[in-house]
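So you can see what is in the structure, the chains are spelled out below.
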Amino acid sequence: MGRGVNALIGLLFVPYLSRALPLADYGTYGQTLMATDFFKFLFAIGLAKIIMVYYANHENEQNFIFGSNLAAAIVSGTLASLGMILFAPFIASAIENPELTHYLKLFGFSILVSIVFDTLNATLIYFDKIKESVYAIVLGNMAKIALLLIAIQVYQSMDFVFYGLLIAISFQAILAAFFIPKELFKNISVKSAYFTKQIKEGIPLGLSAIAAIMMITVDGFMVSKLLSVEAYAIYRNGSIQIPFLASVYTAISMIILPVLARLFSKNENQEIATLKKRVISNTAAILYPPLLFVLFFHQPLIETYLSSKYAESAIVFCVYNLIMLFQIHHFQEIPIIAGKTKFIFLSFAIGFLVNLILNLLLIPQIGVLGGAIGTVAATATVIVMLSHKTLNILNVGITDFFDLKKIFTVLLLTSAIMSLFYFIYPIQYGILPLLFIGGFVVVLCYLLLLKIGILEKRIVEQLLVKVPVIGNRLVGFVNQFS
C-alpha cells in the first residue's frame, strides 16, 4: 500500500513533466535517469539482496553484517559516482545528445546515495519496520515533487531539476538511517571477512543486475540511437509499467525473502513450494483484473494521462505491460538463496541478446513499438529460464509450484469480463465514467474470484480491515458475499 501511494505521487506528476518540459528536454531528463540507473545497477552488486540472506543465516552477528554491507555500499557507490562523471562524455556521444554530459556529471553522486539507501531500506524491511520504510520512500518522493516544481516553475532550470532530485534522494536516505534499529547503529562494526564475502558473493548478482538493466534499457538506447530524442520521449512515456501494480510482486518478495531463506537453510523445499504456490495464485487474482482493464483501455487512458502529444505512446504502453502477465512471482528468489548467481547472470545475458537482436530487426521496420516487443520477448525468456531453474533447485514439479488451473481461470475469467465491457462501453462518454465503471468491473472480478475460492478470503479480510473507518464494514460484506 505504501508503494502504491508512492506510485500514485509519481503517476500524478508525470503528466506535469510531460507538459511542462519541451519534448527534447523531457527526453534528456529521461536519458539522464536511464544512464544513472544503469550505473547504479552496475555497482550495487546485489548488496541489498545479499544482506537479507546474511541476516537470516547469521542472527548473532547482525551488527557486523549491517556495518560490513553498509561499508561495501559506500565503497561501490563512490566508485559508481566517479565512474559516471568520468564516462559522461562517452555516454552522451553514444546517445548523440551533447547536452547529456553536463547533467550526468551534475547528477552523478546520486548513485552513491541511492545504493546506500537500498542497504538501509532492506534492513528496515528485514526488521519489520515496514511503516518506517514507507515513510522514508513516500516523504522522499514528496520532497522530490516539491523541489522539481520549484525548479521548473520558479527557476525554469534543468540544473535545478537535478539538484532537487539529489537533495530529495539524500533526504530519503537520512530518514531511512534515522529509522534503523538503534542497537544496529549502536554496535555497528565492519568485519573484514563479511565485507569481503558480501562483495564476493554480490559480484555475480551485480553482473546479473548489469545484464538485467541492459536487457530492459537496451530498447531505450536503441530507440535513441536509431531514431531520435523525440522518439525516445515517446517511447519512454510508453515503456512504463502500471504504477502500484508493478510494485505488487516486488513488495511481496521483499517481505517473504527472509522467510524463504530460513526455510531453505532447513531444507524445507516442499514448504517453500507450498508457500510460493499460494502467493502466486493470490498475486494473479489481485493483479490481473486491474491489469486487464488498463490493457483493454490503454489508448484513452494514455491520451488523457499524457495528452494527445503522446498518443503514439499508448500502443507501446499496452505491449510493454504484457510483461506483467508473467510477473506474478519474483523468479530470482530461490536461485539467489541457493547461490545460483552464475545462472541468473546467464539468463539475463541471454535475455539481453534476445532484446538486442529483436531491437535491431524491429525498430528500423516498425519504430518505437519494436523496442517494446523486444523487451517483452526477452523478459519472458528470462522468466522461463529462472522458473525452470527454481523447480530444479527445489526438486518439485511445475504443478507443485504453480497452480496452473487457478492462474488460467483468473486470466480467462478476467479477460472475458473486460472484453465484454470493452465492446459495450462507448468511449466517447469520457474518462471519468470509464474509470468509475471500470473500477466497478474490477471489483466485480474480485468478488467472483473470491466466490469461487481462488482469491483467499483470509487475505482479503486482512487487507480490508486496515482500511480506515469502513474496514470492518467491508469485511462484513465480504463474509456475506462469500
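Residues numbered from 1 in each chain as written. Predicted model: local features only at pLDDT ≥ 70, side-chain atom pairs only at ≥ 80, totals over all residues. Heavy atoms only, no water.

(A) Spotlight on the overall build of the protein chain. Along the protein chain, the regular secondary structure elements total 23 helices and 0 strands. For 482 residues, the compact-globule estimate of 2.2 N^0.38 gives 23 Å, and the protein chain sits close to it at 22 Å. With the C-alpha coordinates of the protein chain rotated into their principal frame, the extents come out at 55 × 55 × 45 Å. By residue count, 52% of the 482 residues in the protein chain fall in the buried class. Total accessible area on the protein chain stands at roughly 21,500 Å², and carbon and sulfur atoms take up 68% of it. Mean positive and mean negative side-chain charge positions of the protein chain (31 and 23 charges, respectively) differ by 6 Å. (Helix = DSSP H or I, 4+ residues; strand = E, 2+ residues; numbered from the N terminus. Rg over C-alpha atoms; globule rule 2.2 N^0.38 Å. Buried < 20%, exposed > 50% of the residue type's maximum accessible area, 1.4 Å probe, protein only. Areas by Shrake-Rupley, 256 points an atom, 1.4 Å probe, with all protein chains shown as cover. Lys, Arg positive; Asp, Glu negative; His and termini not counted. Charge placed at Lys NZ, Arg CZ, Asp CG, Glu CD.)

(B) Up close: helix α21 (residues 431-451). The first and last C-alpha atoms of α21 sit 30 Å apart over 21 residues, in line with the 30 Å expected at 1.5 Å per residue. Taken residue by residue, α21 has L434, G438, V441, V442, C445, L447, L449 and L450 as its buried positions. Just downstream of α21, G453 is the residue with a positive phi angle, here 90°. (Expected span 1.5 Å × (residues − 1).)

(C) Geometry of the nonpolar core. Y29, Y288, F293 and F348 are the most contacted members of the largest nonpolar core, which has 145 residues in total. When sequence neighbours within four positions are dropped, the list of residues in contact with Y288 reads M324, L325, I328, I407, V410, L411 and T414. (Core = buried A, V, L, I, M, F, W, Y, C linked by side-chain atoms within 4.5 Å. Contact = heavy atoms within 4.5 Å.)

(D) Spatial organisation of the state of the cysteines. One pass over the structure, following the stated rule, counts 0 disulfides. Here C318 stays free of any disulfide, with the sulfur of C445 as its closest cysteine sulfur at 17 Å. Classification of C318 as buried rests on a relative accessible area of 14%. With a relative accessible area of 1%, C445 lands in the buried category. (Disulfide = S-S within 2.5 Å.)

(E) View of a nonpolar patch on the surface. Taken together, the side chains of I150, V154, Y155, F160 and Y163 make up a nonpolar region of the molecular surface, amounting to roughly 500 Å² of accessible area. Of all the secondary structure elements, the ones that give two or more residues to the nonpolar patch are α7 (130-154) and α8 (158-179). Tracing the sequence through the fold places V154 in helix α7. (Patch = residues over 30% accessible without salt bridge, like charges linked within 9 Å, V, L, I, M, F, W, Y side chains within 5 Å. Salt bridge = Lys/Arg side-chain N within 4 Å of Asp/Glu carboxyl O.)

(F) Quick look at the packing of aromatic side chains. Counted under the stated rule, the structure contains 19 aromatic pairs. Residues Y103 and F162 carry aromatic rings whose centres are separated by 5.4 Å and whose planes lie at 40° to one another, so their mutual orientation is tilted. Here Y103 is found in helix α5 (residues 100-107), whereas its partner F162 is found in helix α8, with 59 residues between them in sequence. Classification of F162 as buried rests on a relative accessible area of 0%. (Phe/Tyr/Trp six-rings, centres within 6.5 Å; stacked < 30°, edge-to-face > 60°.)

(G) Representation of the layout of surface pockets within the structure. Within this model, the second largest pocket holds a volume of roughly 430 Å³. Around the second largest pocket sit 17 residues that line it, and L325, F326, I328, I383 and F402 are the ones nearest its centre. Sorting the residues of the lining of the second largest pocket by element identifies α18 (368-394) and α20 (404-424) as the ones contributing at least two each. Looking at the lining of the second largest pocket, the element that brings in the most residues is α18, giving 6 residues. Grouping the amino acids of the lining of the second largest pocket by side-chain chemistry returns 14 nonpolar, 3 polar and no charged. (1 Å grid on protein atoms, 1.4 Å probe; cavity = no way out; pocket = protein on both sides within 12 Å on 5 of 7 lines; lining within 4 Å. Points joined across faces, edges and corners; volume = space filled by probe spheres on them. Nonpolar A, V, L, I, M, F, W, Y, C, P; charged D, E, K, R; others polar.)

(H) Structural view of the packing of helix α4 (residues 62-95) against α5. Following both chains from N to C, one finds α4 and α5 inclined at 150°, their axes separated by 8 Å at the closest point. Between α4 and α5, the crossing angle belongs to the class labelled roughly antiparallel. Where α4 crosses over α5, the handedness of that crossing is right-handed. Side by side, α4 and α5 meet where M84, I85, A88, P89, I91, A92 and I95 of the first sit next to L100, T101, L104 and K105 of the second. Counted by class, the contact of α4 with α5 contains 9 nonpolar, 1 polar and 1 charged residues. (Axes fitted to C-alpha atoms, helices over the stretch in contact; angles between N-to-C directions. Parallel < 35°, antiparallel > 145°, perpendicular 65-115°, else oblique. Left-handed = near helix turned anticlockwise from the far one by under 90°.)

(I) Focus on the pattern of salt bridges. Tallied over the full model, the rule gives 4 salt bridges. Taking the shortest distance from any N to any O, the salt bridge between E456 and R278 comes out at 2.6 Å. Placement of E456 in the loop between α21 and α22 (457-464) and of R278 in helix α13 (residues 269-296) is noted, with a sequence separation of 178 residues between them. Looking at E456, the relative accessible area reads 18%, which means it is buried.

(J) Broad picture of the environment of I357. Along the chain, I357 falls in helix α17 (residues 341-366). Taking relative accessible area as the criterion, I357 reaches 49% and is therefore assigned partly exposed. The sequence separation of I357 and G374 amounts to 17 residues, and the corresponding C-alpha distance is 8.1 Å.

(K) Structural detail: unusual backbone geometry. Phi is positive for N267, which is not a glycine, with a value near 60°. Looking at the secondary structure, you find N267 in the loop between α12 (245-265) and α13. Note on N267: relative accessible area 65%, which makes it exposed. Of note, N395 is a non-glycine position whose phi angle comes to about 60°, a positive value. You can see N395 is positioned in the loop between α18 and α19 (398-401).

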